[in-house]
Amino acid sequence: MPGPMRQSDAPRTYRVKSFGCQMNVYDGERMAELLAEKGMSPAPEGEEADLVVLNTCHIREKAAEKVYSDIGRLVKKGEEAGRKPMIAVAGCVAQAEGEEIMARAPAVGMVVGPQAYHRLPEMIDSAASGKRATDTDMPADAKFAALPSRRKVGPSAFLTVQEGCDKFCTYCVVPYTRGAEISRPFSDLLREAEKLVESGAREITLLGQNVNAWSGEDEAGRPVGLEGLARALAKLPDLKRIRYTTSHPNDMTEGLIAAHGEEPKLMPYLHLPVQSGSDRVLKAMNRSHTAESYLRLLERFRAVRPDIALSGDFIVGFPGETDAEFEETLKLVDEVRYAQAFSFKYSPRPGTPAAGMDNQIPREVMDERLQRLQASLNRDQLAFNQASIGKTCEVLVERKGKLPGQWLGKSPWLQSVFFEGEAAIGDMVTVELAEAGPNSIRGRLLQLAEA
Ligand code: SAH
Ligand code: SF4
Ligand code: F3S
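Source: prediction; values computed, not measured. (Residues numbered from 1 in each chain as written. Chains lettered and ligands numbered in written order. Predicted model: local features only at pLDDT ≥ 70, side-chain atom pairs only at ≥ 80, totals over all residues. Heavy atoms only, no water.)

J.: Can you help me understand the UniProt feature "binding site: [4Fe-4S] cluster 2" (unreviewed entry) in the chain in this one?
T.: Following the UniProt record, the feature "binding site: [4Fe-4S] cluster 2" (unreviewed entry) maps to Cys165, Cys169 and Cys172 here. For Cys165, a relative accessible area of 10% gives the class buried. Those residues in contact with Cys165 that sit more than four places away from it in its chain are Val174, Pro175, Gly179, Ala180, Glu181, Gln209 and Asn210. Looking at Cys172, the relative accessible area reads 14%, which means it is buried. Excluding residues that lie within four positions of it along the chain, Cys172 makes contacts with Ile59 and Thr352. (UniProt positions renumbered as here; feature names shortened; annotations may be inferred. Buried < 20%, exposed > 50% of the residue type's maximum accessible area, 1.4 Å probe, protein only. Contact = heavy atoms within 4.5 Å.)

J.: Would you mind showing me how to read the side chain of Glu97 here?
T.: Here Glu97 lies in helix α3 (residues 91–104). For the buried Glu97, no salt bridge exists, and the shortest N-O distance to an oppositely charged side chain is 5.1 Å, to Arg349. A distance of 3.2 Å separates polar atoms of two side chains, one belonging to Glu97 and the other to His58. Residue contacts for Glu97: discarding those within four places in its chain leaves His58 and Tyr68. (Helix = DSSP H or I, 4+ residues; strand = E, 2+ residues; numbered from the N terminus. Lys, Arg positive; Asp, Glu negative; His and termini not counted. Salt bridge = Lys/Arg side-chain N within 4 Å of Asp/Glu carboxyl O. Polar contact = N/O pair within 3.5 Å; in protein donor to acceptor, adjacent residues only side chain to side chain.)

J.: Explanation requested: the UniProt feature "domain: Radical SAM core" (unreviewed entry) in the chain in the structure shown.
T.: Under the UniProt annotation, "domain: Radical SAM core" (unreviewed entry) lies at residues 151–383. Summarising residues 151–383: 38% helix, 18% strand, and an end-to-end C-alpha distance of 39 Å.

J.: What's the story with the side chain of Thr56 in this structure? I'm lost.
T.: Mapped onto the secondary structure, Thr56 falls in strand β3 (residues 51–56). Within the structure, Thr56 has its side chain in polar contact with the backbone oxygen of Ala90 (distance 2.6 Å). A polar contact is formed between the side chain of Thr56 and the backbone nitrogen of Val93, at a distance of 3.0 Å. Apart from the residues within four sequence positions on either side, Thr56 is in contact with Phe19, Asn24, Val67, Val89, Ala90, Gly91, Cys92, Val93 and Ala94.

J.: So what exactly am I meant to see when it comes to the sheet that holds strand β7 (residues 156–160) here?
T.: Strands pair in a sheet through their backbones, by hydrogen bonds, and they do so in one of two ways: parallel or antiparallel. Ordered by their spatial adjacency, three strands build an open sheet running β7-β10-β13, and the pairing between neighbours is parallel. Strands at the two margins of the open sheet, each flanked by one partner only, are β7 and β13 (241–245). The average undirected angle you get between the axes of adjacent strands in this sheet is 25°. (Pairing = 2+ DSSP bridges. Axes fitted to C-alpha atoms, helices over the stretch in contact; angles between N-to-C directions.)

J.: Is there a simple way to think about the pattern of salt bridges in this case?
T.: Between side chains of opposite charge, a pair can form when the charged atoms approach closely. All chains considered together, the criterion is met by 40 salt bridges. Of the charged contacts, one joins Arg231 and Glu262 as a salt bridge, the two residues approaching to 2.8 Å between their closest N and O atoms. Taken together, the positions of Arg231 in helix α8 (residues 226–233) and Glu262 in helix α9 (residues 254–262) put the pair 31 residues apart, joining distant regions of the chain. The class of Glu262 is exposed, set by a relative accessible area of 51%. Residue Glu254 is joined to Arg300 by a salt bridge in which the shortest nitrogen-to-oxygen separation is 2.4 Å. Pair noted here: Glu254 is in helix α9 and Arg300 is in helix α11 (residues 291–304), with a separation of 46 residues, a long-range link. Residue class for Glu254 comes out exposed when judged on its relative accessible area of 52%. Through salt bridges with shared partners, one network takes in Glu29, Arg30, Glu33, Arg150, Arg184 and Glu192.

J.: Explain helix α4 (residues 120–128) here, please?
T.: Think of an α-helix as turning once every 3.6 residues; residues three or four places apart then point the same way. The element α4 is largely enclosed, with a buried count of seven among its nine residues. What α4 keeps buried is the set Leu120, Pro121, Met123, Ile124, Ser126, Ala127 and Ala128. On its buried side, α4 packs onto α1 (22–37), β3, β4 (86–90), β5 (108–112) and β6 (133–135). One or two residues past the end of α4 sits Gly130, with phi positive at roughly 95°.

J.: What am I meant to see in the sheet that holds β5 here?
T.: Across the sheet, which stays open at both edges, the six strands sit in the order β2-β1-β3-β4-β5-β6 with parallel pairing between neighbours. The open sheet has two free edges, formed respectively by β2 (41–42) and β6, since each of these has just one partner strand. Where strand β1 (residues 13–18) lies against β3, five bridges are found, and the strand directions are parallel. In the strand pairing of β3, Tyr14 is matched with Leu51. α3 rests against β3, β4, β5 and β6 of the sheet, and its axis sits at about 135° to β5. Across the sheet, α4 is in contact with β3, β4, β5 and β6; its angle to β5 comes to roughly 160°.

J.: Could you clarify how one ought to interpret the packing of α9 against α11 in this entry?
T.: Relative orientation and spacing of two packed helices are given, respectively, by the angle between their axes and the distance between those axes. α11 packs onto α9 with a crossing angle of 30° between their chain directions and a minimal axis gap of 7 Å. What the angle tells us is that α9 and α11 run roughly parallel. On the side of α9, the interface is formed by Glu254, Ile257, His260 and Gly261, while α11 contributes Leu297, Arg300, Phe301 and Val304. Class assignment of the residues belonging to the contact of α9 with α11 gives a composition of four nonpolar, two polar and two charged. (Parallel < 35°, antiparallel > 145°, perpendicular 65-115°, else oblique. Nonpolar A, V, L, I, M, F, W, Y, C, P; charged D, E, K, R; others polar.)

J.: Before we go on, may I ask you to explain the packing of aromatic side chains in this structure?
T.: Pairs of aromatic rings are described using the distance from one ring centre to the other and the angle between the two planes. Applying the stated rule across the entire model yields four aromatic pairs. With 6.4 Å between their ring centres and 85° between their planes, Tyr171 and Phe318 make a pair best called edge-to-face. A residue pair is termed long-range when its members are at least 10 positions apart, and Tyr171 in the loop between β8 (162–163) and α6 (174–177) and Phe318 in the loop between β15 (309–316) and α12 (323–336) qualify at 147 residues. With a centroid separation of 5.6 Å and an interplanar angle of 70°, the aromatic rings of Phe318 and Tyr346 are classed as edge-to-face. On the criterion of sequence distance, the pair formed by Phe318 in the loop between β15 and α12 and Tyr346 in the loop between β16 (340–345) and α13 (363–388) is long-range, its members being 28 residues apart. Residue classification places Phe318 among the buried positions, given a relative accessible area of 0%. With relative accessibility at 4%, the residue Tyr346 sits in the buried group. These aromatic residues form a ring-pair network of at least three members: Tyr171, Phe318 and Tyr346. Looking at Lys391, its charged tip hangs above the ring of Trp413, at a distance of 4.5 Å from the centre. (Phe/Tyr/Trp six-rings, centres within 6.5 Å; stacked < 30°, edge-to-face > 60°. Lys NZ or Arg CZ within 6 Å of the ring centre and 35° of its normal.)

What follows is the structure, encoded as structure tokens:
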């Protein structure tokens with residue numbers, strides 16, 4: 001029998017569910033840290049939490065619609081258990097559709113945008129006393145300063161260094177949900193990185209919507225770009241690897257390219273979205289680079305770091321994309337030979353210029369184009385993995401594998417590598433890459449690397 005409905009109590013346990021990009025994952029971790037500092041504890045596995053934070057993504061329609069079905073599911077589960085969970089909607093849907101969520105979903109007690117989540121603790125108190133609250137203030141200046149210090153983290157940690165976007169690609173909601181580009185100060189980042197390393201991180205991935213637009217001043221007051229930050233972080237002895245994502249072709253600098261040839265801790269991997277191989281489509285997308293300028297940029301990376309693994313993002317079926325223009329995307333893919341890539345069907349987003357363009361592409365055409373593109377990308381990913389076979393490399397062990405004695409980690413080229421033998425989470429081990437699959441590589445453990 002369900003007990004009496006419990007509501008308006010101060011929540012004691014929490015669960016944060018993050019969707020979307022890595023920055024949302026980072027934000028989710030920081031929200032959990034805030035809740036822990038408030039004295040709450042994570043809900044045990046398999047148990048309902050008193051407070052559920054849905055940290056949402058607005059990038060494509062499917063992602064955005066998910067929030068309503070998630071809310072429905074939480075309410076239903078709560079009813080079955082005779083309780084009313086406190087629900088907070090955070091992330092980019094909160095920013096874009098906060099009022100609509102409040103109107104459409106009475107079970108939601110709080111709506112908090114990506115630049116306002118440091119206020120979550122006060123909002124919980126207010127929700128517990130029966131007052132629903134919305135905070136979608138921007139920009140982010142106040143947020144980072146108000147967050148508690150980092151807790152225990154895994155061997156591979158995220159660090160947001162840059163946030164927001166001023167590029168306004170015509171299909172994209174991010175400039176509206178994340179606001180204008182801001183760079184966090186150098187000294188704050190150094191301090192947060194030190195904390196992450198003290199807490200067990202061996203690899204840090206620097207995050208930004210346009211991470212290579214990061215700029216700041218080093219300790220001597222000299223202006224530095226992302227490569228300066230990476231080089232400073234590389235001096236932390238226990239930090240073994242540095243990655244960064246996502247870059248924009250137009251923000252790429254000589255300095256960052258050069259650093260790939262000089263700084264061994266900077267991993268040989270570059271995620272550089274291109275979206276399309278057609279200059280007409282790129283222009284309509286407001287990408288402000290051409291297929292050719294993009295290819296030339298990649299050549300420069302390959303010149304300083306020939307083994308660099310390249311990754312990209314693609315959109316098929318942008319309004320007006322013709323068959324011939326789509327073929328140009330396939331041609332670009334054939335030329336680059338990506339190690340990994342992400343491809344999406346164009347999704348019209350409310351409030352973006354592309355959503356109002358003529359010649360929206362029928363779903364079947366998008367389906368067919370996506371299939372063809374993904375066939376090419378999968379072919380290249382497998383080929384890249386196969387070409388790695390026989391190489392010896394370091395793997396950072398991130399977790400246990402499915403089988404007993406099995407471990408999982410990443411190669412320098414961001415391939416998932418599994419192997420058997422004596423190891424522990426956080427170890428850097430030397431592995432020979434032995435057998436390639438499309439999504440992972442079987443490795444043979446040679447030795448534990450020098451600590
Ligand atoms: N700032 C990054 C990431 C943006 S979002 C960048 O510029 O690359 C990640 C990817 O989602 C984009 O690169 C793009 O490929 C895809 N995307 C963004 N908006 C989209 C939309 N409306 N429909 C389909 N895919 C989209
Ligand atoms: Fe969106 Fe373009 Fe900004 Fe990337 S650069 S976040 S795709 S607007
Ligand atoms: Fe999604 Fe927002 Fe990231 S829309 S992709 S969660 S920046």
